Amino acid sequence: MKILFVAAEAAPLAKVGGMGDVVGALPKVLRKKGHDVRVFMPYYGFLPDKIDIPEEPIWKGTAMFQDFEIYQAFLPKSDVPLYLFGHPSFSGRNVYFGDDEGWRFTLFANAAAEFAWNFWRPSIVHCHDWHSGMLPVWLNETPDINTVFTIHNLAYQGPWRWYLDQITWCPWYMEGHNTMAAAVQFANKVTTVSPTYAEQIKTSEYGENLEGLLSYVSGKSIGILNGIDTESYNPQTDRYLYQNFNAETLDKRPINKVSLQEEIGLEVNKGAFLVGMVTRLVEQKGIDLALQILDRFMAYTDAQFVLLGTGDRYYETQMWELASRYRGRVSVQLLYNDALARRIYAGCDAFLMPSRFEPCGISQMLAMRYGCVPIVRRTGGLVDTVSFHDPMRELGTGYCFDRYEPLDLFSCMIKALEGFRYKEYWKKLQQRGMRQNYSWDLSADQYIKVYEEIFPDAPPPPPPAPKLEEETKIAAEEPKPSAGSTSL
Ligand SMILES: Nc1ncnc2c1ncn2[C@@H]1O[C@H](COP(=O)(O)OP(=O)(O)O[C@H]2O[C@H](CO)[C@@H](O)[C@H](O)[C@H]2O)[C@@H](O)[C@H]1O
């Protein structure tokens, strides 16, 4: 099957959060399973620092009165073709910035529709979050192209209808008061990234005002648990670690702890309980809850804490102040750094994720893969991926609490600290986490099932697109205007 992923992020090239992880990993697995999957993403100004991109575009088009060019590269270490949407509005050094984000990504989505209509015609366009949310609307009247829309984060819903009306083509049949709502209505299938979150978003507590619509479309929606890129994130081979290890050689892991402590300015102390967080500093991640208890936790224990993240200025300042109160015991790194993130997963004893809501969560799975025990609030995908530690029966993979209450988080962290004292049990807990299968294999099969469920309704796909070498030749020619083009 021919599938075009359309997304704002794809790891390791452009990643701000977990959506990048998914778009960087899932296409590779689907391709291994025999599907022709390709990725369409903006040509960000920083990409030439990371991969070789040919100077000549393979195609040129127009959308929303803007000329654009498409360049072709490949996802690193893979044979997944990567189409890069070249337009000056994306030439900056950041993925997300500025007030024109709504316009910029709507243009991106419109260009993706043009691309699918006129250059490489897939059977399925797999859209990710609001950035590509208008695609299911525009492609609704193209019967041989079906759409799957994946919700990674319901909190960001994209431009509102009144604004879309001003900047782009909103067809007569379009319904939905913003991009996300329209995508949910028009996609052939809607997926979200864990079974528990798929149920939660039908309630007013988690539905972000779309709970009614999401309940209404529940016949075409499903929760499919994310996986992780087990090749890239492998403590046995990860070149960013001070010392490689696996579940059988956990005795080597403390070298990472000590080296991390040195690197980030903590007192070097193998025995201290080191808790880490790698996160976007936003309300979703429960930073306010953590801030309510961290002072006391540091005061009453000899634990250490490291935070790696950027985001909300208020949280950044509060974390910074915490670090200044506990010099040598709290380290706050207000930056985005993939290598340091890996060293935190490999060096910390526990990983804190007290999320207010969590569609799936990639970080807790990465933490477990690196022998770092998760402390999580039981919400969304955290329920589906972390289970209660029961030392007597040797079950479970982490420490969990239910209510979004400071006391509950505090007592959960104290339990983890106590558990850490019993080294043999702790080691078994780490090993159970490391041996979990969080690879994309099972989830990729579920996505294939979703694609196959909608595919029989479509007419047979058009004749195969030209081979890649031929596509390059086509690039040299001027694009021909084609029927069915709907850009403005
Ligand atoms: N400062 C920093 N430096 C380096 N790396 C950093 C970093 N901050 C975050 N990261 C990395 O970004 C990723 C975060 O992924 P998550 O899935 O945990 O959350 P996110 O909310 O971004 O994703 C959303 O989409 C994903 C994918 O569907 C869902 O799992 C999730 O619940 C949803 O909120 C991890 O790979 C983490 O290591």
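Note that the coordinates shown come from a computational prediction; the quantities given were computed from them, not determined experimentally.

Q: Break down the overall build of the chain for me, with residues and values.
A: Counting its secondary structure elements, the chain contains 17 helices and 15 strands. Computed over the C-alpha atoms, the radius of gyration of the chain is 23 Å, within 12% of the 23 Å expected from 2.2 N^0.38 for a compact globule of 488 residues. A total of 488 residues make up the chain; the buried ones form 60% of that total. Long-range pairs, those at least 24 residues apart, make up 70% of the contacts in the chain with a sequence separation of at least 6. When the accessible area of the chain is evaluated, it comes to approximately 20,100 Å², of which 51% is carbon and sulfur surface. Averaging the coordinates of the 48 positive side-chain charges in the chain and doing the same for the 59 negative ones gives two points 6 Å apart.

Q: Tell me about a nonpolar patch on the surface, residues and numbers included.
A: A surface patch of nonpolar side chains, amounting to about 370 Å² of accessible area, comprises Met392, Tyr422 and Tyr425. Here tyrosine 422 lies in the loop between helix 14 (406-421) and helix 15 (423-435).

Q: How would you explain the sheet that holds strand 13 (residues 350-353) if you had to name every residue and give the values?
A: Sheet architecture is open: six strands sit in the order 12-11-10-13-14-15, paired in parallel fashion. At either end of the open sheet lies a strand with only one pairing partner, and these are strand 12 (330-333) and strand 15 (399-401). Each neighbouring strand pair of the sheet contributes to a mean axis angle of 15°, computed without reference to strand direction. Sheet strands in contact with helix 11 (residues 338-347) are strand 10 (274-281), strand 11 (304-311), strand 12 and strand 13, and its direction is about 145° off that of strand 10. Sitting on the sheet, helix 14 touches strand 10, strand 13, strand 14 (373-377) and strand 15, and the angle it makes with strand 15 is about 165°.

Q: Quick one: what's the story with the UniProt feature "binding site: ADP-alpha-D-glucose" (unreviewed entry) in the chain, residue by residue and with numbers?
A: The sites that carry the UniProt feature "binding site: ADP-alpha-D-glucose" (unreviewed entry) are, in the present numbering, Lys15. In this structure, lysine 15 sits in the loop between strand 1 (2-6) and helix 1 (18-32). In terms of polar contacts, lysine 15 uses its side chain to reach the side chain of aspartate 21, at 3.0 Å.

Q: Outline the pattern of salt bridges, listing residues and values.
A: Inspection of every chain in the model, using the stated rule, returns 30 salt bridges. Among the salt bridges present, the one from lysine 202 reaches glutamate 199, with a minimum N-O distance of 3.2 Å. Using a relative accessible area of 25% as the deciding quantity, one classes lysine 202 as partly exposed. Among the charged side chains, a salt-bridge network with shared partners connects Arg31, Asp36, Arg38 and Asp79.

Q: Give a description of the domain arrangement of the chain that names residues and reports values.
A: Along its sequence, the chain is carved into domain 1 (2-227 + 439-454) and domain 2 (250-434). Counting residues at the interface gives 20 residues for domain 1, matched by 19 residues for domain 2. Here domain 1 and domain 2 share an interface that buries about 1,400 Å² over both sides, 56% of which is from carbon and sulfur atoms. The interface formed by domain 1 and domain 2 holds zero salt bridges in total. One can count nine residue pairs in polar contact (both at pLDDT 80 or more) joining domain 1 with domain 2.

Q: Give me the packing of aromatic side chains: which residues, what numbers.
A: Tallied over the full model, the rule gives 31 aromatic pairs. With a centroid separation of 5.5 Å and an interplanar angle of 35°, the aromatic rings of phenylalanine 40 and phenylalanine 108 are classed as tilted. With phenylalanine 40 in strand 2 (residues 36-42) and phenylalanine 108 in helix 2 (residues 101-118), the pair connects residues that are 68 residues apart, well separated along the chain. On the basis of relative accessibility, which here comes to 0%, the residue phenylalanine 40 falls in the buried class. Classification of phenylalanine 108 as buried rests on a relative accessible area of 0%. Judged by centre distance (5.3 Å) and plane angle (55°), the rings of phenylalanine 68 and phenylalanine 85 are tilted. Remark: phenylalanine 85 occurs in strand 5 (residues 81-86) and phenylalanine 68 occurs in strand 4 (residues 66-74); sequence separation between them is 17 residues. Overall, phenylalanine 68 belongs to the buried group, its relative accessible area being 1%. For arginine 104, the ring lying beneath its charged end belongs to phenylalanine 90, and the centroid distance is 5.6 Å. Its end group placed over the ring of phenylalanine 97, arginine 104 keeps NZ or CZ at 4.0 Å from the ring centre.

Q: Outline the pairing of strand 4, listing residues and values.
A: Bridge count between strand 3 (residues 59-63) and strand 4: five bridges; the pairing is antiparallel. For lysine 60, the partnering residue across the bridge sits in strand 4 and is glutamate 69. The turn linking strand 3 back onto strand 4 is made up of two residues, and methionine 64 within it adopts a positive phi angle of 45°. The pairing of strand 4 with strand 5 spans six bridges and is antiparallel.

Q: Quick one: what's the story with the sheet that holds strand 9 (residues 221-223), residue by residue and with numbers?
A: The mixed open sheet is built from nine strands, whose spatial order is 3-4-5-2-1-6-7-8-9. Strands with a single pairing partner mark the edges of an open sheet, and in this sheet they are strand 3 and strand 9. Pairs of neighbouring strands in the sheet enclose a mean axial angle of 25°, with direction left out of account. Relative to strand 9, strand 8 (residues 189-192) runs parallel, the two sharing three bridges. Bridging across to strand 9, valine 190 finds its partner in serine 221. On the sheet, helix 2 packs against strand 1, strand 2, strand 3, strand 4, strand 5 and strand 6 (124-128) and is oriented at approximately 125° with respect to strand 3.

Q: So what's going on with helix 15? Residues and values would help.
A: With 13 residues, helix 15 ought to run about 18 Å at 1.5 Å a step, and its terminal C-alpha atoms sit 18 Å apart, in line with that. Of the positions making up helix 15, those classed as buried are Trp426, Leu429, Gln430, Gln431, Arg432, Gly433 and Met434. Looking at the buried residues of helix 15, the elements they touch are helix 12 (363-369), strand 14, strand 15 and helix 14.

Q: Go over the UniProt feature "domain: Starch synthase catalytic" (unreviewed entry) in the chain, please, and point to the residues and values.
A: UniProt's entry tags residues 2-215 with the feature "domain: Starch synthase catalytic" (unreviewed entry), counted in the numbering of this structure. Taken end to end, residues 2-215 has its terminal C-alpha atoms 30 Å apart, with 29% of it in helix and 22% in strand.

Rules and cut-offs
- Residues numbered from 1 in each chain as written.
- Predicted model: local features only at pLDDT ≥ 70, side-chain atom pairs only at ≥ 80, totals over all residues.
- Heavy atoms only, no water.
- Helix = DSSP H or I, 4+ residues; strand = E, 2+ residues; numbered from the N terminus.
- Rg over C-alpha atoms; globule rule 2.2 N^0.38 Å.
- Buried < 20%, exposed > 50% of the residue type's maximum accessible area, 1.4 Å probe, protein only.
- Contact = heavy atoms within 4.5 Å.
- Areas by Shrake-Rupley, 256 points an atom, 1.4 Å probe, with all protein chains shown as cover.
- Lys, Arg positive; Asp, Glu negative; His and termini not counted.
- Charge placed at Lys NZ, Arg CZ, Asp CG, Glu CD.
- Patch = residues over 30% accessible without salt bridge, like charges linked within 9 Å, V, L, I, M, F, W, Y side chains within 5 Å.
- Salt bridge = Lys/Arg side-chain N within 4 Å of Asp/Glu carboxyl O.
- Pairing = 2+ DSSP bridges.
- Axes fitted to C-alpha atoms, helices over the stretch in contact; angles between N-to-C directions.
- UniProt positions renumbered as here; feature names shortened; annotations may be inferred.
- Polar contact = N/O pair within 3.5 Å; in protein donor to acceptor, adjacent residues only side chain to side chain.
- Domains from an automatic or database assignment.
- Buried area = accessible area lost by both parts, 1.4 Å probe.
- Phe/Tyr/Trp six-rings, centres within 6.5 Å; stacked < 30°, edge-to-face > 60°.
- Lys NZ or Arg CZ within 6 Å of the ring centre and 35° of its normal.
- Expected span 1.5 Å × (residues − 1).

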